[in-house]
Amino acid sequence: MKKILLLLVAIALTSSVFGQRILSEKIDYFDVRLPNQPLDASINKYNVIVEIPYTLTVEDINAQSLADFETEKSDYTSVLSKSEAAYDELLANHEEEVKKAEARYDKEMKDFKALSMIERLTLTDQGKNPQLRVPSKPNYIKPREPEYKKPNLDDYLLFDKEVLEDGVVLYGYDKGEQDLLIVINVSKMLFEDNGGQTFYSQPTNVKVMKGSQIIDDHNFDNEFKYLTSSSSNSINLDRYEKENVIKIMKNLTNYLNEEFGYIPLASKIAIEFPKNKKREYDALENAKNKAISAYRKLNKNASSETRERSNKELLESRAIWMAELEKVNYSDKKALFNKDVAKAIYFNLIKVDISLKDKSQAEETLKSIQNKRIDLDFNYDEKATFTRLEEQVYKM
């Protein structure tokens with residue numbers, strides 16, 4: 001038994017001495033979806049101008065609200081007098097109705113008493129005997145004194161032009177100089193009734209310009225569309241219009257990014273490297289650090305310049321990995337650069353090729369790995385990882 005234990009310890013020690021411990025570090029970053037119409041490489045910045053037909057301001061709304069309140073206060077005495085006069089009229093009418101009801105009851109009772117006893121009993125059983133029904137006396141409800149309430153700004157066509165302009169973000173570019181100018185012209189919303197339903201249109205145009213050159217000219221909401229099953233005179237038109245302007249701005253921003261922007265996509269990558277305890281893998285450590293730094297630069301709002309700088313650093317890491325790959329001895333598991341180190345390097349290479357969207361280079365790396373499959377001797381998990389990466393290359 002002791003001999004077996006000693007043998008197992010010896011095997012473990014041998015494995016730790018000659019096997020290379022491969023680690024990995026995962027990094028969250030934002031990849032990008034390439035645009036349908038890539039802009040000229042000279043364009044790095046853009047500006048946005050939004051033209052809207054809405055001039056109402058918060059100050060205007062508050063001023064009008066206060067003015068309306070003052071009018072209500074000055075009219076209150078008149079409103080009170082009219083309500084009292086209306087109540088006096090209701091009282092007079094009520095007294096007249098009471099007299100009529102009593103006269104009607106007296107006549108019905110006279111006729112009822114003229115009937116035979118059997119007829120009276122029959123009508124009483126049927127609930128048809130005369131009954132005095134006097135109308136209720138009206139109650140006076142005094143009009144409430146005017147009370148100021150702040151206006152609900154959601155009910156007004158209130159837009160800040162600068163806020164709308166700031167809300168148009170073209171991913172991959174910085175706002176600033178007019179390398180690219182985006183001009184958006186929003187029209188008033190039009191309503192149309194048809195069969196008790198409301199339809200709308202709100203013609204909006206967006207132009208993308210470089211100097212005097214129009215790169216793109218696109219229209220939104222030109223055609224009438226269904227809005228609601230109610231007629232236009234029974235809905236809050238301003239609220240619908242406000243909601244539609246917000247929707248249009250969102251739709252055109254999505255359109256601009258699909259056509260010209262670099263839409264960020266949340267992604268992950270794992271960079272593999274051997275443990276560098278004895279400083280025997282300094283070059284690979286340097287490549288790893290460069291790659292991790294490059295990916296960390298790729299946040300959601302990274303500009304095209306930042307992405308170019310990141311790609312340059314990834315290519316530098318790639319060059320180091322390629323140089324270190326030449327040191328691999330596939331047949332000697334005791335070698336400093338053995339097949340385990342080679343697998344880590346190859347996985348890094350193909351992952352970076354994919355993230356750089358370099359199809360030609362990714363296919364070349366894939367071919368190199370396939371040629372070395374026997375030497376690399378993938379285990380079950382490594383085979384699964386390679387298959388997944390292989391599929392990604394084929395989809396590029």
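1. Digging into the overall build of the chain
Here is step 1 of the chain: Within the chain, the secondary structure is distributed over eleven helices and ten strands.
Here is step 2 of the chain: If one aligns the C-alpha atoms of the chain with their principal axes, the spans along those axes are about 130 × 75 × 40 Å.
Here is step 3 of the chain: Buried positions account for 35% of the 396 residues belonging to the chain.
Here is step 4 of the chain: Within the chain, one finds 60 positive and 67 negative side-chain charges whose respective centroids are separated by 10 Å.

2. Here we look at helix H11 (residues 380-395)
Here is step 1 of the chain: Helix length check: H11 (16 residues) gives 23 Å between terminal C-alpha atoms against 22 Å at 1.5 Å per residue, within 8%.
Here is step 2 of the chain: All buried positions along H11 are accounted for by Glu382, Phe386, Leu389, Glu390 and Val393. One side of H11 carries all its buried residues, which in axial view fall inside an arc of 105°. Of the exposed residues in H11, those oriented more than 90 degrees away from the buried face are Tyr380, Asp381, Tyr394 and Lys395.
Here is step 3 of the chain: Two or three places before Asp381, at the opening of H11, Asn379 has a side-chain oxygen 3.1 Å from that residue's backbone nitrogen.

3. Examining the packing of aromatic side chains
Here is step 1 of the chain: Taken as a whole and judged by the stated rule, the model has ten aromatic pairs.
Here is step 2 of the chain: Ring geometry for Tyr54 versus Phe159: centroids 5.0 Å apart, planes at 40°, classification tilted. Residue Tyr54 is located in the loop between strand S2 (45-51) and helix H2 (58-113), and its partner Phe159 is located in the loop between helix H3 (117-125) and helix H4 (161-166); the two are separated by 105 residues in the primary sequence.
Here is step 3 of the chain: Seen in terms of ring centroids, Tyr87 and Tyr140 are 5.2 Å apart; in terms of plane orientation they differ by 55°. Their pairing is tilted. Of this pair, Tyr87 sits in helix H2 while Tyr140 sits in the loop between H3 and H4, and the two are 53 residues apart along the sequence.
Here is step 4 of the chain: Residue class for Tyr87 comes out buried when judged on its relative accessible area of 17%.
Here is step 5 of the chain: By relative accessible area, Tyr140 is classed as partly exposed at 32%.

4. Here's the deal with the nonpolar core
Here is step 1 of the chain: Counting 37 residues, the largest nonpolar core has Ile271, Tyr295, Trp321 and Leu325 as the members making the most contacts within it.
Here is step 2 of the chain: Within the residue set of this core, elements represented by two or more residues are strand S1 (22-33), strand S10 (263-274), helix H6 (282-296), helix H7 (304-325), helix H8 (339-355), helix H9 (359-371) and H11.
Here is step 3 of the chain: The leading source of residues in this core is H8, at nine residues.
Here is step 4 of the chain: Discounting residues that sit within four places of it in the chain, Leu325 has contacts with Tyr330, Ala342, Ile345, Tyr346 and Leu349.
Here is step 5 of the chain: Leu39, Ile182, Val186 and Tyr255 belong to the second-largest nonpolar core, a separate cluster that totals 27 residues.

5. Considerations on the confidence of the model for the chain
Detailed reading of the predicted coordinates is not advisable wherever pLDDT is low.
Here is step 1 of the chain: Confidence in the prediction of the chain, expressed as mean pLDDT, is 90, and 95% of residues score 70 or more.
Here is step 2 of the chain: Long-range and interchain partners of residues 4-18, a stretch whose pLDDT sits below 50, account for four contacts in this model, where long-range means more than four residues apart.

6. What about the sheet that holds strand S7 (residues 204-210)?
Here is step 1 of the chain: Here five strands make up an open sheet; going across it, the order is S3-S2-S4-S7-S8 and the pairing mixed. Of all strands in the sheet, those with a lone pairing partner are strand S3 (174-175) and strand S8 (213-220), marking the two edges.
Here is step 2 of the chain: The sheet contact formed by S2 and S3 spans two bridges and is parallel. Note on S3: the bridge partner recorded for Lys45 is Asp174.

The rules we used
The written sequence of each chain sets the order in which its residues are numbered from 1. The predicted nature of this model means local features are confined to residues of pLDDT at least 70 and side-chain atom pairs, given and counted, to a pLDDT of 80 or more, with totals for whole chains, interfaces and linings taken over all residues. Only hydrogens and water are set aside when side-chain values are computed; all heavy atoms of the structure are taken into account. Secondary structure elements follow DSSP: runs of H or I of four or more residues count as helices, runs of E of two or more count as strands, with numbering from the N terminus. Accessible area is worked out with a 1.4 Å probe on protein chains only. A residue is then buried under 20% of its type maximum, exposed over 50%, and partly exposed in between. Note that His is not counted, nor are the chain ends; the positive residues are Lys and Arg, and the negative ones are Asp and Glu. To locate a charge, take atom NZ for lysine, CZ for arginine, CG for aspartate or CD for glutamate. For a helix, the expected span equals 1.5 Å multiplied by the number of residues minus one. The reported arc concerns the directions from the helix axis to the C-beta atoms and nothing else. Whenever a nitrogen or oxygen atom comes within 3.5 Å of another N or O atom, the pair is scored as a polar contact, on the condition that within protein one atom can donate a hydrogen and the other can accept it, and that pairs from neighbouring residues in sequence are kept only if both atoms are in side chains. Any two rings among Phe, Tyr and Trp, with Trp reduced to its six-membered ring, count as a pair given centres within 6.5 Å; such a pair is stacked if its planes are under 30 degrees apart, edge-to-face if over 60, and tilted if neither. Here, nonpolar core means buried Ala, Val, Leu, Ile, Met, Phe, Trp, Tyr and Cys residues that are tied together by side-chain atoms lying within 4.5 Å of each other. For this analysis, residues touch if any pair of their heavy atoms sits within 4.5 Å. For every residue, the pLDDT score states the predictor's confidence, bounded by 0 at the bottom and 100 at the top. Strands are treated as partners if at least two bridges between them are detected by DSSP.

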